[in-house]
Amino acid sequence: MKQPDEGNLFTDLMEIGPAPTPARELVVAVISVALIAVLIAIVGVSVPTVAAAAVVAVFLAVRVAVGRRHWGRAS
């Protein structure tokens, strides 16, 4: 996991692992949910878009779960 002073918002969004701080992870989650909302607004509600939203939600939950293990540790 990176240190909080490394990287930027773009790298936080593109990484598979969690952001270095809970606040940055929250921003990633908000942006991801907004992108899914835009996708649903453009395409409409269908099985593939609901499945994509579910996959993103599970992925974000796993990122937060992994991040919580690292955020509490003093570096």
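Everything in this summary refers to the structure shown in the same document.

**Focus: the packing of helix α2 (residues 22–43) against helix α3 (residues 47–71)**
In the contact formed by α2 and α3, the axes pass within 11 Å of each other and the chain directions differ by 180°. With respect to α3, the element α2 is oriented roughly antiparallel. Note on element contacts: α3 touches α2 through Thr49, Ala52, Ala53, Val56, Leu60, Arg63, Val64 and Trp71, opposite Pro22, Glu25, Val28, Ala29, Ser32, Ile36, Ile40 and Val43. Residue composition of the contact of α2 with α3, grouped by class: 12 nonpolar, two polar and two charged.

**Observations regarding α3**
Structural remark: α-helix, 3.6 residues per turn; residues separated by three or four positions point the same way. Its 25 residues give α3 an end-to-end C-alpha distance of 35 Å, which sits within 8% of 36 Å, the value for a rise of 1.5 Å per residue. Of the positions making up α3, those classed as buried are Thr49, Leu60, Arg63 and Gly67. Summarising the contacts, the buried residues of α3 are in contact with α1 (9–14) and α2.

**What about the pattern of salt bridges?**
Within the structure shown, the criterion is met by two salt bridges. Note that Arg24 and Asp12 form a salt bridge whose closest N and O atoms lie 2.7 Å from each other. Taken together, the positions of Arg24 in helix α2 and Asp12 in helix α1 put the pair 12 residues apart, joining distant regions of the chain. Like Arg24, the residue Asp12 is buried in the burial classification. A salt bridge links Arg63 to Glu25; the nearest nitrogen and oxygen atoms lie 2.9 Å apart. Placement of the pair is Arg63 in helix α3 and Glu25 in helix α2, with a sequence separation of 38 residues. Across this residue pair, the class does not change: Arg63 and Glu25 are buried.

Conventions and cut-offs
Residues numbered from 1 in each chain as written. Predicted model: local features only at pLDDT ≥ 70, side-chain atom pairs only at ≥ 80, totals over all residues. Heavy atoms only, no water. Axes fitted to C-alpha atoms, helices over the stretch in contact; angles between N-to-C directions. Helix = DSSP H or I, 4+ residues; strand = E, 2+ residues; numbered from the N terminus. Parallel < 35°, antiparallel > 145°, perpendicular 65-115°, else oblique. Contact = heavy atoms within 4.5 Å. Nonpolar A, V, L, I, M, F, W, Y, C, P; charged D, E, K, R; others polar. Expected span 1.5 Å × (residues − 1). Buried < 20%, exposed > 50% of the residue type's maximum accessible area, 1.4 Å probe, protein only. Salt bridge = Lys/Arg side-chain N within 4 Å of Asp/Glu carboxyl O.

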